[in-house]
Structure formats: C-alpha cells, structure tokens
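# Structural description and commentary
Below are the chains, spelled out letter by letter.
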Amino acid sequence: MPSRFTDTLNEQIGHEFGASQQYVAIAVFYDNRTLPQLAAHFYAQAVEERNHAMMMVQYLLDSGEEARIPGVETPLTAFADERAPVALALEQERRVTEQIAGLVQIAREEQDHVGEQFLGWFLQEQREEVASMSALLSVFDRMQGHTMHVEDYLVRQRGGSGAEPANAPPAAGGAL
C-alpha cells in the first residue's frame, strides 16, 4: 500500500506537468505577439517543469513505488495584457513552493528521510524560481507597458545552457 508521501508525490507530478503546460501556453501567447525573448523564456520554463516531473517519476521508480502520470487542467491561454502571464507564473511558482513544502512536511511526519532529502533540491529550486519570476514581474512594472524593454532585460539575463544543474536529481528518460 503506497504511503501518503508516495500518493502526494504522484499528485505533485501532475502539478509539475500542469505547470509545464501553463508555461507552454504563456510562451505561445508571447510568440503570437512577436516577443521572442519572453516566448523563449517560457518555453525553457516549460521544459524545466517537465524535467521536474520526470525527476519525481525517476525517484518513485528508484524507490520501487508506483509512478502515476495524472491528467492536468487546461492551461489559461487568454490574458488581459502582456504583464498578466508573468503575474500568473509568479502565482504558480508560489503555489508549487507551498506544495513542495507540504511534501517535505509529509516526509517528516512519515520519517521518510530519503524522501525529505530528495525534496531539498526542489525547495532550493523553488526559491530561485520565485525570485526569478518576482524580478521579471518587477521589470514589467517598472517598464509600464514598454514590453520591448522587458525583452532587452531577458537578453541581458540569459546565461548558461538552461540545463538543470549537475546536482539535480536524475529525470526519468533523461532531462531535456
């Protein structure tokens, strides 16, 4: 019989895939408006969220637990303006942070020390994601409708390959 931790981690896989789909929808929104830097940023975020789901799948497989791939809600595709998707993304990252913290709490309650340790990387990742989206939203707010300046900001901020860090947990099927 699966533990509460295993069941909740399987639910989180769905949340991660849902976040990935939402980021694809946001990327397409920006792509349709010929905002290539914002589109690229969110396409990359979508792959990152997909990889997070697959890391969780791999953890369950390695633990001898059943990995379930739940369906996801339809993502939002219409937005009031070009700032709204970033505000939604920040909201989503804060929600995922709460979900991961809840998983850590469950692991502690069940004395699943390996599961708790596995989640440590995700907590750090979420801190970085919330900070990154907060900064992007702040740039939008300072630019007051001048989205091309936000595009310039993203060009200046881009660095590295966008791949998961070397200390990231393995992803089932390999990280993209």
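Model, not experiment: these values are computed from the prediction.

## Here's the deal with the overall build of the chain
- The helix and strand inventory of the chain stands at 5 helices and 0 strands.
- In the chain, the order of α-helices and β-strands from amino to carboxyl end is α-α-α-α-α.
- The C-alpha atoms of the chain give a radius of gyration of 17 Å, which matches the 16 Å a tight globule of 176 residues would have.
- Along the three orthogonal principal directions, the C-alpha set of the chain runs to about 55 × 30 × 30 Å.
- Among the 176 residues that make up the chain, the fraction classed as buried is 44%.
- Contacts in the chain between residues at least 24 apart in sequence constitute 81% of all its contacts with a sequence separation of at least 6.
- Within the structure as shown, the chain displays about 9,200 Å² of accessible surface, and the carbon and sulfur contribution to it stands at 52%.
- Positive and negative charge centroids in the chain, built from 12 and 26 side chains respectively, lie 6 Å apart.

## Concerning a nonpolar patch on the surface
- A surface patch of nonpolar side chains, amounting to about 190 Å² of accessible area, comprises Val24, Val28 and Tyr43.
- Relative to the assigned elements, valine 28 resides in helix α1 (residues 4-32).
- According to the relative accessible area criterion, valine 28 is partly exposed, its value standing at 35%.

## Observations concerning helix α5 (residues 147-157)
- Within the sequence span of α5, burial applies to Thr147, Val150, Glu151, Tyr153 and Leu154. All buried residues of α5 fall inside an arc of 155° around its axis, so they share one side. Turned more than 90 degrees from where α5 packs its buried face, Met148 and Arg156 sit exposed.
- Buried residues along α5 sit in contact with α2 (36-62) and α4 (113-143).

## Regarding the environment of alanine 40
- Assignment of secondary structure puts alanine 40 in helix α2.
- Given a relative accessible area of 31%, alanine 40 falls into the partly exposed group.
- Once the C-alpha coordinates of alanine 40 and glutamate 91 are considered, the two residues, 51 residues apart in sequence, prove to be 20 Å apart.

Conventions used here
- Sequence order as written defines the numbering, with residues in each chain counted from 1.
- Where local features are concerned, this predicted model is filtered to residues with pLDDT of at least 70; where side-chain atom pairs are given and counted, the filter is 80 or more; whole-chain, interface and lining totals use all residues.
- Here the side-chain values reflect all heavy atoms present in the structure, with hydrogen atoms and water set aside.
- A helix here means a DSSP run of H or I that spans at least four residues, while a strand means a run of E at least two residues long, and both kinds are numbered starting from the N terminus.
- Both definitions apply: the radius of gyration is a C-alpha atom measure, and the globule rule equals 2.2 Å times residues to the power 0.38.
- Exposed residues in this analysis have more than 50% of their type's maximum accessible area, buried residues have under 20%, and partly exposed residues fall in between, with area computed by a 1.4 Å probe over protein chains only.
- The contact definition used throughout considers only heavy atoms, calling two residues in contact when any of these lie within 4.5 Å.
- Only the protein chains shown count as cover for residues, and the accessible areas themselves come from Shrake-Rupley with a 1.4 Å probe.
- This count recognises Lys and Arg as positive and Asp and Glu as negative, with His and chain-terminal groups excluded.
- Where a charge lies is defined by one atom per residue type, namely NZ (Lys), CZ (Arg), CG (Asp) and CD (Glu).
- Grouping into patches uses exposed residues only, defined as over 30% relative accessible area, and leaves out salt-bridged ones; the cut-off is 9 Å for like charges and 5 Å for nonpolar side chains (Val, Leu, Ile, Met, Phe, Trp, Tyr).
- Salt bridges are counted wherever a side-chain nitrogen of Lys or Arg sits within 4 Å of a carboxyl oxygen of Asp or Glu.
- For this quantity, the arc is that covered by the directions from the helix axis to the C-beta atoms.

Just geometry here; none of it tells us what the structure is for.
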